[in-house]
Amino acid sequence: MSDVVGYRVALQEERAAALGLRVQQLLAPFDGTERALDSGCGAGALAFALAPFVESVVGVDRSEELLAAGRELAPENCELITGDATALPFEYGSFDIAGCMRVLHHAQRPELVVSELARVTRPGGRILVIDQLGFVDPVISAETDRFEQARDPSHVRLLPDQDIRFLLDANDLEVLTNEITRERRDLERYLDLVRLEGEERRRVRGMAPGAVYEVEIGWYVARKRGGLRT
């Protein structure tokens with residue numbers, strides 16, 4: 001396991017209890033028979049948060065290294081498999097609950113991530129989208145994205161709240177709950193997460209909003225129209 005993956009898994013475990021509580025609050029009630037999906041799962045953070053409340057959960061990601069690290073920690077009712085969030089290997093309506101966490105801003109085509117979540121969720125099922133939000137002001141958004149791309153080349157673009165709402169609505173998903181929370185970030189720890197060092201670390205540090213700064217995280221629970229209300 002690489003240092004970057006090891007650090008990410010350690011951070012995931014540190015945040016696991018809080019994420020599990022949050023997922024329970026947002027998606028309850030569960031009946032324990034649900035089949036759930038974590039799209040773009042990485043090492044399985046959202047999948048593991050869902051696992052105690054559902055019958056089974058599948059996590060899908062393109063990174064074999066992250067999947068391997070996640071499989072070492074996965075509960076019995078959780079399976080992590082290789083796949084693409086923009087072309088999921090499942091039939092229409094395969095899941096009762098489907099979600100993605102911090103995936104949209106890494107996707108060249110975030111609209112495909114959302115449309116695939118909608119496709120594989122049964123009518124009446126629920127969809128959970130969690131992501132860092134962009135800004136309405138295009139100048140601030142461009143500056144933030146430049147910093148994020150310099151720190152992590154897999155970053156594409158942060159979507160503002162209204163863009164995520166548009167993607168959900170365009171896929172016939174009715175937003176049931178929407179919360180925006182603030183996350184305080186320590187810059188040095190944030191750079192440690194991708195193991196930036198030396199001159200590159202100094203360069204990226206100079207682009208940052210500050211030594212400690214806040215970002216907004218959007219939490220969206222939507223219902224796929226059709227079927228019985230749950």
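Here, every reference points to the structure presented above.
Presented here is an overview of the structure given in this document. (Residues numbered from 1 in each chain as written. Predicted model: local features only at pLDDT ≥ 70, side-chain atom pairs only at ≥ 80, totals over all residues. Heavy atoms only, no water.)

**Digging into the overall build of the protein**
Summing up its helical and strand segments, the protein has eight helices and seven strands in all. Its C-alpha radius of gyration of 17 Å places the protein within 12% of the 17 Å reference for a compact globule of 230 residues. Principal-axis analysis of the C-alpha atoms places the extent of the protein at approximately 55 × 40 × 30 Å. In the protein, once contacts between residues fewer than 6 apart in sequence are set aside, the share between residues at least 24 apart is 73%. (Helix = DSSP H or I, 4+ residues; strand = E, 2+ residues; numbered from the N terminus. Rg over C-alpha atoms; globule rule 2.2 N^0.38 Å. Contact = heavy atoms within 4.5 Å.)

**Points about the packing of helix 5 (residues 138–151) against helix 8 (residues 198–205)**
Remark: helix 5 packs on helix 8, axes separated minimally by 9 Å, with the N-to-C direction vectors making an angle of 165 degrees. Here helix 8 runs roughly antiparallel to helix 5, going by the angle between their axes. Where helix 5 crosses over helix 8, the two elements pack in a sense that is left-handed. Listed contacts from helix 8 to Phe147, Ala150 and Arg151 of helix 5 are Glu200, Arg203 and Val204. (Axes fitted to C-alpha atoms, helices over the stretch in contact; angles between N-to-C directions. Parallel < 35°, antiparallel > 145°, perpendicular 65-115°, else oblique. Left-handed = near helix turned anticlockwise from the far one by under 90°.)

**Focus on the pattern of salt bridges**
When charged atoms on two side chains of opposite charge get close, those side chains can pair. Inspection of the entire model under this criterion finds 20 salt bridges. Of the charged contacts, one joins arginine 182 and glutamate 216 as a salt bridge, the two residues approaching to 3.4 Å between their closest N and O atoms. Here the residue arginine 182 occupies a position in strand 6 (residues 173–186), and glutamate 216 occupies one in strand 7 (residues 212–224), the gap between them amounting to 34 residues. With a relative accessible area of 57%, arginine 182 lands in the exposed category. Taken together, the shared-partner salt bridges in this structure form one network comprising Arg102, Glu148, Glu183 and Arg185. (Salt bridge = Lys/Arg side-chain N within 4 Å of Asp/Glu carboxyl O. Buried < 20%, exposed > 50% of the residue type's maximum accessible area, 1.4 Å probe, protein only.)

**Description of the side chain of aspartate 96**
Structurally, aspartate 96 can be placed in strand 4 (residues 95–101). Only 2.8 Å separates the side chain of aspartate 96 from the backbone nitrogen of arginine 35, close enough to count as a polar contact. Polar side-chain contacts of aspartate 96 include one of 2.7 Å to the side chain of arginine 122. Those residues in contact with aspartate 96, other than ones at most four positions away along the chain, are Thr33, Glu34, Arg35, Thr121, Arg122, Gly125 and Arg126. (Polar contact = N/O pair within 3.5 Å; in protein donor to acceptor, adjacent residues only side chain to side chain.)

**Here's the deal with unusual backbone geometry**
In this model, alanine 28 is joined to proline 29 through a cis peptide bond whose omega is 5 degrees. Structurally, the position occupied by proline 29 is in the loop between helix 1 (3–27) and strand 1 (35–39). Not every positive phi belongs to a glycine, and aspartate 172 is a case in point at roughly 60 degrees. For aspartate 172, the location among the structural elements is in the loop between helix 6 (161–170) and strand 6.

**Focus: the pairing of strand 2 (residues 56–61)**
Summarising burial for strand 2: five of the six residues are buried, a large majority. With five bridges joining them, strand 1 and strand 2 adopt parallel strand pairing. Across the sheet, residue aspartate 38 finds its bridge partner in strand 2, namely glycine 59. Each parallel crossover has a hand, and for strand 1 linked through helix 2 (residues 45–50) to strand 2 it is right-handed. Two elements, strand 2 and strand 3 (residues 78–82), share five bridges in a ladder whose sense is parallel. Bridging across to strand 3, valine 60 finds its partner in isoleucine 81. Crossover handedness for the path strand 2 to helix 3 (residues 64–71) to strand 3: right-handed. (Pairing = 2+ DSSP bridges. Right-handed = clockwise from strand over helix to strand, strands pointing away.)

**Details of the side chain of glutamate 148**
In this structure, glutamate 148 sits in helix 5. Setting aside chain neighbours within four positions, we find glutamate 148 in contact with Gln132, His155, Arg185 and Tyr190.

**Notes on the environment of leucine 73**
With respect to the helices and strands, the residue leucine 73 is situated in the loop between helix 3 and strand 3. Relative accessible area serves as the criterion here: at 39%, leucine 73 is assigned to the partly exposed category. Placed 60 residues apart in sequence, leucine 73 and glutamate 13 show a C-alpha to C-alpha distance of 9.5 Å. Beyond its immediate sequence surroundings of up to four residues, leucine 73 is in contact with Val9, Glu13 and Phe48.

**A short note on the packing of aromatic side chains**
The final tally for this structure, using the stated rule, is five aromatic pairs. Taking 5.1 Å as the distance between ring centres and 15 degrees as the angle between the ring planes, the aromatic pair formed by phenylalanine 30 and phenylalanine 53 counts as stacked. Residue phenylalanine 30 is located in the loop between helix 1 and strand 1, and its partner phenylalanine 53 is located in the loop between helix 2 and strand 2; the two are separated by 23 residues in the primary sequence. Ring geometry for phenylalanine 147 against tyrosine 190: centres 6.4 Å apart, planes inclined by 40 degrees, an arrangement best described as tilted. Residue phenylalanine 147 is located in helix 5, and its partner tyrosine 190 is located in helix 7 (residues 187–192); the two are separated by 43 residues in the primary sequence. The two residues phenylalanine 147 and tyrosine 190 agree in class, both being buried. Three or more aromatic residues joined by ring pairs make a cluster, and in this case those are Phe147, Tyr190 and Tyr213. Note that arginine 126 overlies the ring of phenylalanine 30, its terminal NZ or CZ placed 5.7 Å from the centroid. Its guanidinium or amino end placed over the ring of tyrosine 190, arginine 151 lies 3.6 Å from that ring's centre, counting from NZ or CZ. (Phe/Tyr/Trp six-rings, centres within 6.5 Å; stacked < 30°, edge-to-face > 60°. Lys NZ or Arg CZ within 6 Å of the ring centre and 35° of its normal.)

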